[in-house]
2 protein chains.
Amino acid sequence: MIGVDWGTSSFRAYRLREGAIIDRIETRGGILGIPTGAFPAALRAALAPWLAAGESEILMCGMVGSRQGWAEAPYLPCPASPAEIAAAALTLRFEGARVRLLPGLVTRGLDGVPDVMRGEETKLAGLLAMLGPGPALVCLPGTHSKWARLEAGRITGFTTHMTGELRAVLLDHSILGRLAQPAPPDEAAFRRGLDRAAAPGGLAQHLFGTRALGLLGELPVTATESYLSGLLIGAEIAAAARPGEAVHLAGAEALVARYALALAATGHPCQRHDEDVVAQGLVRLAVMAG
Amino acid sequence: MIGVDWGTSSFRAYRLREGAIIDRIETRGGILGIPTGAFPAALRAALAPWLAAGESEILMCGMVGSRQGWAEAPYLPCPASPAEIAAAALTLRFEGARVRLLPGLVTRGLDGVPDVMRGEETKLAGLLAMLGPGPALVCLPGTHSKWARLEAGRITGFTTHMTGELRAVLLDHSILGRLAQPAPPDEAAFRRGLDRAAAPGGLAQHLFGTRALGLLGELPVTATESYLSGLLIGAEIAAAARPGEAVHLAGAEALVARYALALAATGHPCQRHDEDVVAQGLVRLAVMAG
């Protein structure tokens, strides 16, 4: 079978045999660049060699199932189990193969405000298979970091934090960017940011503190980016995890390393998983979807 | 005398007689547009009619005293009294009038991280004269909102919140802007944002909630800006004021009205002051500076 994680700005496909990845294709062909109606052709082109080799089962997750994607797979409410996610898959028109599309998830805070995910539910299905039914807190860091609670084999709820996007817009478009100069990660500055995130005052105040430090010559321009990352990731961890709570981390290696350092510095035991959990999730959901 | 509040993007001059404003000049001639060395000429041009009429005392505050301004007037540490601020004024070279430049202030949190202001210390000197020596919490809302504590006739400390700039960069450059359409202020949406700011989870999480509400059709595109303002201002108030604490507000009318609504909704008694407190501060500091 073929598993596809088709996001806003990336396309990742896995050729799978008995649960193992035997080949992979990664491109920048995210859904944003694809006109309505052009999705079947884009998929056929991207997977041509595997389709020619006889693959006929394709399971997709991610923003391809959003209103801007191939078809809209409505959000499934939490708590949700992998079996329920698999059962909600839509079958799409595609000649020569069965193509199915997984839904995203929606959850609500106590105040009723919703949160949504698309694609990450599949990573969580992969993690659920690895971690077993016990309760777990999972962090999937990224542009929009997801923190999910797993319990009794289900995804019971989650929160999303705009950490990565905030970092990018602040560096590219705010006054903080004028005090920043691209440089390799600076661990000491990152830790200073984490410490500051734990101090009184909100994020908007701590952000201005970055500028004050710069103006007074107390933060080199080459340390601004790392300090800002520490501030934002520190605030994210404080909002998403209870003090001392253990965290499972999965995602791209560099980002996972940065979060692992932040979790250790803020007193959270942490276990790291690689990004291929999404492929494992696709395999698991494909089996469940029949 | 002439009082000048010369900021990054605006120039405001007041012609003052016995503490009253008898004329004013406001332009967009902020310091950002002025090359090094061109400040005396810019001031002479802006104030030509008043100088021709015989004015010979000019007191300035604001970013004109920063490294990017006419000359750098070093930050004075808090706590600081108006007399100390006045005594630290620099006298600049200018033919035909005595031109003096007030310093900004610097304060530090318990963790040593600094915060700075330039121009607002003069508004606070004006407010101190009006409010008397008792303790007071003052909010000066804006691109970078300032919250200052006044006690025994001095400015004892302050915090800055990047609220206005965050709102602008998020609407102009983040995913939230794609869900927003310019519209008149929507008070119900603003109040929803304030309520959300008081719910568990950090600012980066609440920001993403704005997107989730939009995706699910639970927040109209014409309400996004007001909701976002409620989120950001709610978070600012929670970070800057203790529960139930009374607040003195001073600034531009529309912004002060919005903050007054937010303070009332979050249980803070509030007293409003107009923007001319800066002129009153300039008068007071001029008298003190002799």
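For the structure itself, consult the block above.
Residues numbered from 1 in each chain as written. Chains lettered and ligands numbered in written order. Predicted model: local features only at pLDDT ≥ 70, side-chain atom pairs only at ≥ 80, totals over all residues. Heavy atoms only, no water.

### Topic: the interface of chain B and chain A
Many analyses report the size of an interface as the accessible area lost when the parts associate. This is how the line gets drawn: Contact between two residues is taken to exist if any of their heavy atoms lie within 4.5 Å; hydrogens are not considered. When two components associate, each loses some accessible surface as probed by a 1.4 Å sphere; the sum of these losses over both components is called the buried area. By definition here, a salt bridge exists when the distance from a side-chain nitrogen of Lys or Arg to a carboxyl oxygen of Asp or Glu is within 4 Å. Polar contact is the term for a pair of N or O atoms within 3.5 Å; when the atoms are in protein, one must be able to donate a hydrogen and the other to accept it, and sequence-neighboring residues count only if both atoms are side-chain atoms. Numbering of helices and strands starts at the N terminus; helices are DSSP runs of H or I of at least 4 residues and strands are runs of E of at least 2.
Of the residues lining the interface, 43 residues belong to chain B; the matching set on chain A comes to 43 residues. Both sides together, the interface formed by chain B and chain A hides about 3600 Å², and carbon and sulfur atoms give 69% of it. On the chain B side of the interface with chain A, the three residues burying the most area are Met162(B), Gln205(B) and Phe208(B), jointly 17% of the side's total. Taken together, chain B and chain A are joined by four salt bridges. Measuring nitrogen to oxygen at the nearest pair gives 2.9 Å for the salt bridge that ties Arg196(B) to Asp111(A). Counting the contacts that link chain B with chain A gives eleven residue pairs in polar contact (both at pLDDT 80 or more). For the side of chain B that touches chain A, the secondary structure elements donating two or more residues are β8 (105–108), β9 (114–117), β12 (154–161), α5 (163–173), α7 (203–215) and α8 (224–240) of chain B.

### Thoughts on empty space enclosed by the protein
To keep it simple, the criterion reads: Using a 1 Å grid laid over the protein atoms alone, points where a 1.4 Å probe fits but cannot get out form a cavity; open sets with protein on both sides within 12 Å along at least 5 of 7 lines form a pocket; any residue with an atom within 4 Å of a point counts as lining. Grid points are joined across faces, edges and corners, and a volume is the space filled by probe spheres set on the points. Classification convention: Asp, Glu, Lys, Arg as charged; Ala, Val, Leu, Ile, Met, Phe, Trp, Tyr, Cys, Pro as nonpolar; all other residues, Gly among them, as polar.
In total, this model carries one cavity of 30 Å³ or more according to the counting rule given. By volume, the largest cavity is sized at about 70 Å³. As for the largest cavity, its lining consists of Met63(A), Ser66(A), Arg67(A), Gln68(A), Glu72(A), Tyr75(A), Arg118(A) and Leu215(B). Taken together, the residues of the lining of the largest cavity break down into three nonpolar, two polar and three charged.

### A short note on the state of the cysteines
Residues and elements named next belong to chain B. The following threshold applies: Two cysteine sulfurs form what is called a disulfide whenever their separation falls within 2.5 Å. The rule is simple: take the accessible area with a 1.4 Å probe, protein chains only, and divide by the maximum for that residue type; under 20% is buried, over 50% is exposed, in between is partly exposed.
Applying the stated criterion across every chain, the model contains zero disulfides over all chains. The thiol of Cys270 is not disulfide-bonded; the next cysteine sulfur, from Cys139, is found 8.8 Å away. What makes Cys270 partly exposed here is its relative accessible area of 31%.

### A word on the sheet that holds strand β5 (residues 76–77) of chain A
All names here are of chain A. For clarity, the cut-off: The rule for pairing is simple: two strands pair if DSSP sees at least two bridges between them.
Across the sheet, which stays open at both edges, the three strands sit in the order β5-β8-β9 with mixed pairing between neighbours. This sheet does not close on itself; its edge strands, each paired only once, are β5 and β9 (114–117). Summarising the sheet, β5 and strand β8 (residues 105–108) pair through two bridges and their orientation is parallel. Among the inter-strand pairings, Leu76 is bridged to a residue of β8, identified as Leu105.

### Examining the packing of helix α6 (residues 187–197) of chain A against helix α8 (residues 224–240) of chain A
Residues and elements named next belong to chain A. Under the convention used in this document: Lines fitted to C-alpha atoms define the axes, with helix axes restricted to the stretch in contact, and inter-axis angles between N-to-C directions lie between 0 and 180 degrees. Should the near helix be turned counterclockwise from the far one by less than a right angle, the crossing is left-handed, whereas a clockwise turn marks it as right-handed.
Taken N-terminus to C-terminus, the directions of α6 and α8 make an angle of 35°; their axes are 6 Å apart at the nearest point. At the point where α6 passes α8, the crossing takes the right-handed sense. Each of Ala189, Phe190, Arg192, Gly193, Leu194, Arg196 and Ala197 in α6 lies in contact with α8, whose residues at this interface are Ser226, Tyr227, Ser229, Gly230, Leu231, Ile233, Gly234 and Ala235. Class assignment for the residues of the contact of α6 with α8 results in eight nonpolar, five polar and two charged.

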